[in-house]
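Chain residues, written in single-letter form:
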Amino acid sequence: MIWNEKIECMSRNQMRDLHSERLKELVNRTYNNVAFYRKRMKDLGVKPADIHSIDDIVKLPFTYKTDLRDNYPFDLFAVPMKDIVRIHASSGTTGKSTTAGYTQYDIDNWKELISRCLTMSGINSGDIIQISYGYGLFTGGLGIHYGAENIGCTVVPVSGGNTRRQLQIMSDFGTTVLACTPSYALHLADALTEHGYSLKEMKLKVGIFGAEPWTDNMRLELEKKWGINAFDIYGLSEIMGPGVANDCIEHAGLHVQEDHFFPEIVDSHTKLPVRDGTEGELVFTTLTKEGIPLIRYNTRDLSTLNHEKCACGRTMVRMKKITGRSDDMLIISGINLFPSQIEHVLLEMGETSAHYMLYIDKENNLDTLELLVEMNESNLMETIRDLQMLSRKIENALNSAIGLNVKVRLVEPKTIAHSEGKVLRVIDRRMK
Ligand code: DLL
């Protein structure tokens, strides 16, 4: 089923016209209402009258997270506060937090976009959706909530945490859709038997997982563990929250809601747009947002774009599943490493769980890596020799996949802290 066939299957030419029309309107609006953008455009010598079509987007300035921080809390808002009906904020794990303001029109659009995402994931009014993303300033819980209600689902707004209760509700209420981070979905799956439940008594059939990078191998693992179809939902609070993009039944990239958010991929170094299929930083221009419209916001998430029509019938551009951010990239002894590469190797081998923690230290000026990996409950080793052999095997696999020496330490299940929201998997102690 397609929620909004007119838009989601629109011809590329029509979509282009819509982009052009909306971009011109956006540039006018931000120039007139946001001092920050007026100044940025003046500094670049660009006026709204210079923007004739979507191709002119390259004339416009980029926006970065630091700009949001510098204008904290409300200086980038484009409407008076009396028109803002909701505020969300990012947690600010890497610095001061950033805020997003929504008008009623923005909230209504968000509801529409989540309705499209959930429908794309095969969900309908017969479903019972357990929303285990956090409710509050984080956009995950409330963001998905309104769209789920809009398509007529039975919404169970559990919010994050309390594993026992999550499983009890899932079993008692007959939850058919679980919405949470992939790492929490893995934790919940691993906790099933410990809390006295079995998969057989659960009615789950779909997972709506996102808010953090996860590999295709993790998708297969979650699908196997839960017996479900797992979908990837992407978004960020600066742009809206969940629902900026979502993958369809084909699992061949995430459809970007490009009638509202125009995507570009730019080279990480030159910041120049690259062709379809070339990886770079994902940049969004919010074409319709009223509360806090952003022009060319550089997400730092790494992806590629594909404008070919999807087998599902949708024409909306697809972005490749995100496996990391340019600022997540670790440089170890000069070699670039994304944490997702470790997840990929572990799941490919399939002999441990996917719960890990990577510690990076500096010894005698050399970077060292120690990887703690949890064993599977079902695959606990009998002897120290077996443990050592498996550790060596993982070390070798990591070495050939990433070209780095990693010391692997296998630990018992539940030794590593499991997250209820976004997972933390790397502790870099080199600076301390
Ligand atoms: O994480 C919004 C969200 C909530 C998305 C629930 C999906 C589900 P922020 O806290 O602002 O917003 O974090 C945004 O998280 O720039 C990505 O780096 C990462 N991220 C979000 N979704 C995905 C995903 C929410 N599906 C940042 N895959 C983004 C990979 C993701 N990374």
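No experiment lies behind these values; they were computed from the predicted model shown.

This part covers the site of the ligand. Taken together, the neighbourhood of the ligand is formed by 20 residues, with D232, I233, S237, D301 and K422 sitting nearest. At a separation of 3.0 Å, a nitrogen atom of the ligand approaches a polar backbone atom of A211. Separating a nitrogen atom of the ligand from a backbone N or O atom of I233 is a distance of 2.7 Å. Here the ligand has 610 Å² of accessible area as a free molecule, and 93% of this is covered by the chains. Every element with two or more residues in the shell around the ligand is listed here: α6 (139–150) and β7 (229–236). In terms of residue count, β7 provides more of the shell around the ligand than any other element does, 5 residues in total. Class assignment for the residues of the shell around the ligand results in 9 nonpolar, 5 polar and 6 charged.

This next bit is on the packing of helix α5 (residues 104–120) against α6. Between two packed helices, what matters for the description is the angle formed by their axes and the separation of those axes. Between α5 and α6, whose axes approach to 7 Å, the crossing angle comes to 75 degrees. Classified by the angle their axes make, α5 and α6 are roughly perpendicular. Packed against α5, whose contacting residues are W110, K111, I114, S115 and L118, the element α6 presents T139, G143, I144, Y146, G147, A148 and N150 at the interface. Its residues assigned to classes, the contact of α5 with α6 comprises 6 nonpolar, 5 polar and 1 charged.

Turning to the pairing of strand β3 (residues 128–131), a few remarks are in order. Alternating residues of β3 divide into I128 and Q130 and I129 and I131, and every residue in both groups is buried. Note: β3 against strand β4 (residues 154–156), 3 bridges, orientation parallel. Bridge pairing links I129 to V155 in β4. In this view, the connection linking β3 to its parallel neighbour β4 by way of α6 has right-handed handedness.

Here α6 spans 17 Å end to end across 12 residues, near enough to the 16 Å set by a 1.5 Å rise per residue. When we look at burial in α6, the residues that qualify are T139, G140, G141, G143, I144, H145, G147 and A148. One or two steps after α6, the chain reaches G152, where phi turns positive at roughly 90 degrees.

Each domain of the chain was delimited in the assignment, giving domain 1 (1–328) and domain 2 (330–428). Taken residue by residue, the interface counts 22 residues in domain 1 and 19 residues in domain 2. Summed over both sides, the interface between domain 1 and domain 2 buries roughly 1700 Å², with carbon and sulfur atoms accounting for 54% of that surface. Contact with domain 2 buries surface across domain 1, with T215, N217 and D328 losing the most and accounting together for 26% of the total. Our enumeration of links across domain 1 and domain 2 arrives at 1 salt bridge. In this structure, E194 engages K414 in a salt bridge whose closest nitrogen and oxygen atoms are separated by 3.4 Å. Along the contact surface separating domain 1 from domain 2 lie 10 residue pairs in polar contact (both at pLDDT 80 or more). Secondary-structure elements contributing two or more residues to the side of domain 1 that touches domain 2 are α8 (182–191) and α9 (216–226). Top element by residues in the side of domain 1 that touches domain 2 is α8. It accounts for 5 residues. Taken together, the residues that form the side of domain 1 that touches domain 2 break down as 7 nonpolar, 9 polar and 6 charged.

Here we come to the environment of Y184. Relative to the helices and strands, Y184 is located in helix α8. On the basis of relative accessible area, Y184 is assigned to the buried category, the value being 0%. The spatial distance from the C-alpha of Y184 to the C-alpha of T285 is 31 Å, given a sequence separation of 101 residues. Residues within four places of Y184 in sequence aside, it is in contact with G161, N162, T163, Q166, S419 and E420.

Once that is clear, we can look at the state of the cysteines. Using the criterion set out here, one finds 0 disulfides in the structure. In this model C180 remains outside any disulfide bridge; the closest cysteine sulfur is found in C153, 16 Å from its own. By relative accessible area, which is 0% here, C180 ends up buried.

Within the secondary structure, E281 is located in strand β11 (residues 280–286). Judged by relative accessible area, which is 2%, E281 ranks as buried. In terms of polar contacts, E281 uses its side chain to reach the side chain of S326, at 2.9 Å.

Among the nonpolar cores identified, the biggest contains 63 residues, and L23, L60, I129, I208, Y234, F284 and M319 are the most heavily contacted of them. No other element matches α5, which puts 6 residues into this core. The contact partners of I129, leaving out residues within four places of it in the chain, are L118, I144, A148, C153, T154, V155, V156, V177 and A179. By size, the runner-up hydrophobic cluster in this structure holds 23 residues, among which are A185, L192, L204 and I228.

Turning our eyes to something else, we now look at empty space enclosed by the protein. Evaluated as defined, the whole model comprises 3 cavities of 30 Å³ or more. Each pocket or cavity is described by its volume, and for the largest cavity that value is around 80 Å³. Of the residues assigned to the lining of the largest cavity, the class counts are 5 nonpolar, 4 polar and 1 charged. Size it by volume and the second largest cavity reaches roughly 50 Å³. Lining the second largest cavity, in full, are Y102, D106, N109, M240, H260, F261, T288 and K289. Its residues assigned to classes, the lining of the second largest cavity shows 3 nonpolar, 3 polar and 2 charged.

What counts and how
Residues numbered from 1 in each chain as written. Predicted model: local features only at pLDDT ≥ 70, side-chain atom pairs only at ≥ 80, totals over all residues. Heavy atoms only, no water. Near = heavy atom within 4 Å. Polar contact = N/O pair within 3.5 Å; in protein donor to acceptor, adjacent residues only side chain to side chain. Areas by Shrake-Rupley, 256 points an atom, 1.4 Å probe, with all protein chains shown as cover. Helix = DSSP H or I, 4+ residues; strand = E, 2+ residues; numbered from the N terminus. Nonpolar A, V, L, I, M, F, W, Y, C, P; charged D, E, K, R; others polar. Axes fitted to C-alpha atoms, helices over the stretch in contact; angles between N-to-C directions. Parallel < 35°, antiparallel > 145°, perpendicular 65-115°, else oblique. Contact = heavy atoms within 4.5 Å. Buried < 20%, exposed > 50% of the residue type's maximum accessible area, 1.4 Å probe, protein only. Pairing = 2+ DSSP bridges. Right-handed = clockwise from strand over helix to strand, strands pointing away. Expected span 1.5 Å × (residues − 1). Domains from an automatic or database assignment. Buried area = accessible area lost by both parts, 1.4 Å probe. Salt bridge = Lys/Arg side-chain N within 4 Å of Asp/Glu carboxyl O. Disulfide = S-S within 2.5 Å. Core = buried A, V, L, I, M, F, W, Y, C linked by side-chain atoms within 4.5 Å. 1 Å grid on protein atoms, 1.4 Å probe; cavity = no way out; pocket = protein on both sides within 12 Å on 5 of 7 lines; lining within 4 Å. Points joined across faces, edges and corners; volume = space filled by probe spheres on them.

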